[in-house]
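Reading the structure
What follows is each chain in one-letter form.
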Amino acid sequence: MWSVRTSVATFDFSPTRASFLYNTPMPLASVLCMIMFLNPSGIAEPRQGQKVRTAQDDYAAAGNLVRRSIAATLHDSGNVERLQSRLEVNRLLAQRIAEAGGSSEETSNYIKELESALRALPVGPGRPTPLDFDRVIAQDFGPAWQLLTRGNRNQNLPAHNRDTTLDSAFYSRDRNMQLIELSLRKSRFELANGDGAAAIRTFQELLHFTQRMPVDVYADRTAVIDCETLLFVELQKSLPALPSKGLLELSRAIRASVSRPTKLQNCIVGERLSEFANSEIMEKEFQTDPKAAVTAYSYFDPDESPAESASQWRELFDSLATLSPAKRRIFFQNVRTRIDEEYNSFDRMLSKPESEWNYSVPTTVTATHLDLYVSSLKATHPDMARFEAEARTRSRIAAITLAAREFAWQHGRYPTDLSEFLTKAEAHDPLNNKPFEYSIEQGNIVVKTAVHPVLGQITLRKLPADPAAARRPKRP
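In this text the structure is predicted, and so the values were computed from the model without any measurement.

Turning our eyes to something else, we now look at the packing of helix 9 (residues 218-238) against helix 11 (residues 267-288). Here helix 9 crosses helix 11 at 140 degrees, and the two axes come no closer than 8 Å. The angle between helix 9 and helix 11 falls in the class oblique. Here Y218, A219 and R221 of helix 9 come into contact with helix 11, specifically with C267, I268 and E271.

On to the packing of aromatic side chains, then. The geometry of an aromatic ring pair is captured by the separation of the ring centres together with the interplanar angle, meaning the angle of the planes. If you walk through the whole model with that rule in mind, you get 12 aromatic pairs. Ring geometry for F286 versus Y297: centroids 6.0 Å apart, planes at 15 degrees, classification stacked. On the criterion of sequence distance, the pair formed by F286 in helix 11 and Y297 in helix 12 (residues 290-297) is long-range, its members being 11 residues apart. Taken together, the aromatic side chains of F286, Y297, W313, F317 and Y373 make up a single cluster linked through ring pairs. The ring of W145 has K186 sitting right over it, with the charged end atom 4.2 Å from the ring centre.

Another aspect to go through is the pairing of strand 4 (residues 444-448). Sheet topology places strand 3 (residues 437-441) next to strand 4; 5 bridges connect them, and they run antiparallel. Note on strand 4: the bridge partner recorded for Y438 is V447.

Within the secondary structure, W357 is located in the loop between helix 14 (325-350) and helix 15 (369-373). Here the alpha-carbon distance between W357 and R386, two residues 29 residues apart in the chain, equals 8.7 Å. At a separation of 2.9 Å, a polar atom in the side chain of W357 contacts the main-chain carbonyl oxygen of K352.

Moving on: the side chain of D134. Mapped onto the elements, D134 comes out in helix 6 (residues 130-153). Apart from the residues within four sequence positions on either side, D134 is in contact with R185, R188 and F189.

Attention shifts here to the pattern of salt bridges. Two side chains of opposite charge can pair, provided their charged atoms sit close to one another. Summed over all chains, the structure comprises 24 salt bridges. A salt bridge links K186 to E190, with the shortest nitrogen-to-oxygen separation between them at 2.6 Å. Taken together, the residues K186 and E190, both in helix 7 (residues 166-192) and 4 residues apart, mark about one turn of the helix. Here K186 and E190 have matching classes, each one buried. For D383, the salt bridge is made with R386, and the minimal N-O distance between the two is 2.2 Å. With a gap of 3 residues between them, D383 and R386 both fall in helix 16 (residues 375-411), about one helical turn apart. The burial state of D383 is the same as that of R386; both residues are buried. Salt bridges here are not isolated pairs; linked through shared partners, they connect R53, D58 and R150.

Moving on, we get to the environment of L207. Structurally, L207 is set in helix 8 (residues 196-212). In the structure, L207 is positioned 24 residues away from L231 in sequence and 7.7 Å away in space, judged by C-alpha atoms. The contacts of L207, once residues within four sequence positions are left out, are L231, L250, A253 and I254.

Glancing now at helix 4 (residues 80-99). The terminal C-alpha atoms of helix 4 lie 29 Å apart, and with 20 residues this matches the ideal 28 Å at 1.5 Å per residue to within 8%. For helix 4, the set of buried residues is V80, L83, L87, N90 and A94. All buried residues of helix 4 fall inside an arc of 90 degrees around its axis, so they share one side. Exposed residues on helix 4 whose side chains face more than 90 degrees from its buried face are E81, E88, V89, R96 and E99. For helix 4, the elements touching its buried residues are helix 3 (70-77), helix 5 (105-120) and helix 6. With a side-chain oxygen lying 3.2 Å from the backbone nitrogen of E81, the N-terminal cap of helix 4 falls on N79.

Criteria and cut-off values
Residues numbered from 1 in each chain as written. Predicted model: local features only at pLDDT ≥ 70, side-chain atom pairs only at ≥ 80, totals over all residues. Heavy atoms only, no water. Axes fitted to C-alpha atoms, helices over the stretch in contact; angles between N-to-C directions. Helix = DSSP H or I, 4+ residues; strand = E, 2+ residues; numbered from the N terminus. Parallel < 35°, antiparallel > 145°, perpendicular 65-115°, else oblique. Contact = heavy atoms within 4.5 Å. Phe/Tyr/Trp six-rings, centres within 6.5 Å; stacked < 30°, edge-to-face > 60°. Lys NZ or Arg CZ within 6 Å of the ring centre and 35° of its normal. Pairing = 2+ DSSP bridges. Polar contact = N/O pair within 3.5 Å; in protein donor to acceptor, adjacent residues only side chain to side chain. Salt bridge = Lys/Arg side-chain N within 4 Å of Asp/Glu carboxyl O. Buried < 20%, exposed > 50% of the residue type's maximum accessible area, 1.4 Å probe, protein only. Expected span 1.5 Å × (residues − 1). Arc of directions from axis to C-beta.

Here it is, written out as structure tokens:
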């Protein structure tokens, strides 16, 4: 409906300085034991009065480090021809800006970034290759990767997100997506370099990273799912080259990520507070200047909603403008009661197995102004339920696929059915309330669901059979 925007929080990117308290020579084992005793997390303790560095600070610092890095520039460029083309275009742009008497500082800085990225690539017949790109990206990404893994070890997690505005959620999404993408380029180089164990560790760290991302509003949760999707797609591509060691641990970690209650429930408190704040702002504006409020809230965007819906909202706003202050107060009190009821109902539904979730958007005409006010929630919640159910199902499929690959390593053949390597509970699909379907197709492990009446059939990479029924929800 409406969004309340506050200032976007800033992050402290300065590194925490470790201080050593003892200079007396000691055996190495004793020193290590003392360090672990004093600080088992491996993160330096803050000095008195110093801000505690959280895991989110480490992740933000990693994102800040790669924002304009060689790794990011190469990844975004895709190939050397596009990189050279961008460089040529920006040189021409800088020249025209200079001829016009303007400042081309930003363009000049970008040119330097492109030139640095180009110089980092090897030259020669047939070079650089895609593997050359992965190698340079992996090397340049090293310091940011250290920050990311340090964040994974940092036990100081903020109690809640630093900000629940959409700007903050989208910034975090873009930053985290970039970290995931560059990490996966690193894993490709590790596999090509024959270091499958390092690639497995990369996947494990990335999964841990996604599970530590804040999920305070729906936009946060969709961002985490986007990152998980990238991870699973790369796992699917890398599956034939992944070694046995670590596969089963990674499979269990993925399964554990969906064994607990859905993370979507974590968002309900933040979303409810946001809706309450929106209603309070609207109430204040209608109490202060009803006519101005009608004008402000009656803006109609034909790309966002049909004319019929806009007409209904305009009728609601006109009605609010004619009510007495006392009746308007009662109306908004009832609005907040209904909002609370909708979120409580959604929370209760999410506590049930996915087969009992409601995925259908109501099509009934809103009967009252109160119904109209909460209609967006009634539409958003089934959308979010579909998105969440698909993501949780895909996580289970990823865990089963890795477990099947590990079985093949151990026995020299693929399992003939799920019962060979899974318990009955592990093979059960909560979405359809049936076992997952398993087969080997053209030498590839294929795990999928039965066809769901709304979500279609879900596999590790394939979208549901009916995209219209299982569309991605609009980001709140």
